[in-house]
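Coordinates in review
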Amino acid sequence: MLRGDDPDRSVTDPRDEEPTALHIAGFVGQRLVVGSSFYPTRSPVNPELVSYQLRYMATDVDVQGLGWGAKVLEAAEDELRGLCVQQVWAYGRDTALGFYRTVGWSMVEGSEHLSAESGLPHTVIYKRLSAN
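Figured I'd write up the structure that's included with this text. (Residues numbered from 1 in each chain as written. Predicted model: local features only at pLDDT ≥ 70, side-chain atom pairs only at ≥ 80, totals over all residues. Heavy atoms only, no water.)

1. As for the overall build of the protein
Along the protein, the regular secondary structure elements total 2 helices and 7 strands. Listed by position from the N terminus, the elements making up the protein come as β-β-β-α-β-α-β-β-β. In terms of C-alpha radius of gyration, the protein reaches 14 Å, essentially the compact-globule figure of 14 Å for 132 residues. Projected onto its principal axes, the C-alpha coordinates of the protein cover approximately 35 × 35 × 30 Å. Summarising the internal contacts of the protein: among those between residues at least 6 apart in sequence, 62% fall at separations of at least 24. For the protein, the computed accessible surface area is about 7600 Å², with 52% contributed by carbon and sulfur atoms. A distance of 4 Å separates the average location of the 12 positive side-chain charges in the protein from that of its 18 negative side-chain charges. (Helix = DSSP H or I, 4+ residues; strand = E, 2+ residues; numbered from the N terminus. Rg over C-alpha atoms; globule rule 2.2 N^0.38 Å. Contact = heavy atoms within 4.5 Å. Areas by Shrake-Rupley, 256 points an atom, 1.4 Å probe, with all protein chains shown as cover. Lys, Arg positive; Asp, Glu negative; His and termini not counted. Charge placed at Lys NZ, Arg CZ, Asp CG, Glu CD.)

2. Some details on the side chain of Ser43
Here Ser43 lies in the loop between strand 2 (31–40) and strand 3 (51–59). Separated by 3.2 Å, the side chains of Ser43 and Gln87 make a polar contact. Dropping the residues within four chain positions of it, Ser43 is found in contact with Ser51, Gln87 and Trp89. (Polar contact = N/O pair within 3.5 Å; in protein donor to acceptor, adjacent residues only side chain to side chain.)

3. What about the pairing of strand 1 (residues 22–28)?
Looking at chain direction, strand 1 and strand 2 are connected through 7 bridges and run antiparallel. By the bridge assignment for strand 2, Ile24 is matched with Ser36. As consecutive antiparallel partners, strand 1 and strand 2 are separated by 2 residues, and within that stretch Gly29 has a phi angle of approximately 60°, a positive value. (Pairing = 2+ DSSP bridges.)

4. Observations concerning the nonpolar core
Among the nonpolar cores identified, the biggest contains 22 residues, and Phe38, Leu54, Leu73, Leu80, Tyr100 and Trp105 are the most heavily contacted of them. With 4 residues, helix 1 (residues 68–82) is the single largest residue contributor to this core. Contact partners of Tyr100, with chain neighbours within four places excluded, come to Leu54, Met57, Leu73, Trp105, Met107 and Ile125. (Core = buried A, V, L, I, M, F, W, Y, C linked by side-chain atoms within 4.5 Å. Buried < 20%, exposed > 50% of the residue type's maximum accessible area, 1.4 Å probe, protein only.)

5. Quick word on the pairing of strand 4 (residues 87–93)
The element strand 4 is extensively covered by neighbouring structure, given that 5 of its 7 residues are classed as buried. Inspection of the sheet shows strand 3 paired to strand 4 by 3 bridges, in the parallel sense. Its bridge partner lying in strand 4, Ser51 is registered against Gln87. Handedness of the strand 3-helix 1-strand 4 crossover: right-handed. As paired elements, strand 4 and strand 7 (residues 121–128) share 7 bridges and run antiparallel to each other. Note that in strand 7 the partner of Tyr91 across the bridge is Val124. (Right-handed = clockwise from strand over helix to strand, strands pointing away.)

6. A closer look at the packing of aromatic side chains
Counted under the stated rule, the structure contains 3 aromatic pairs. With 5.1 Å between their ring centres and 65° between their planes, Phe99 and Tyr100 make a pair best called edge-to-face. A residue is classified by how much of its surface remains accessible, and Phe99, at 28% relative accessible area, is partly exposed. Its relative accessible area of 6% is what places Tyr100 among the buried residues. (Phe/Tyr/Trp six-rings, centres within 6.5 Å; stacked < 30°, edge-to-face > 60°.)

Written out as C-alpha cells, the structure is:
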C-alpha cells in the first residue's frame, strides 16, 4: 500500500527497533491488513506537548472502510495515553484526510505539501489525547 506497492521503496525507519517505538497492526486470520508505527517526535503543532508521530499507516484496499484503520488508531492512542503522550501527529496523505477527520484528527490549514519521499500530496494532521 505504501510507496505505490513498489517493493524497492523503503518503508522502514531508523527508529523502528528503539524501545520507545510503537508498532500496531491488525490481522484477519494470518493476513496483515493494517499497520502503523509511532515514534516520539516533537510536533510542529503544539510543540510543547509530549507527542508521537504516526508514520507508515496503511490499510489493505480489500478492507478499507471496514473499521480496521480506526481500530488500530484507537489501540495506539490508548497505549500512548498510558505512556502520558498528549498528542499524536502525522503528515497525512491527502487521499486519507476524510478518514482521519472521522476518527477525530484535525488538519493544519496551509500545511499542504508534496512528500519528498513519495511525491504525493500530504497535510499536517494531529489529535490531542485526553487522559483516561
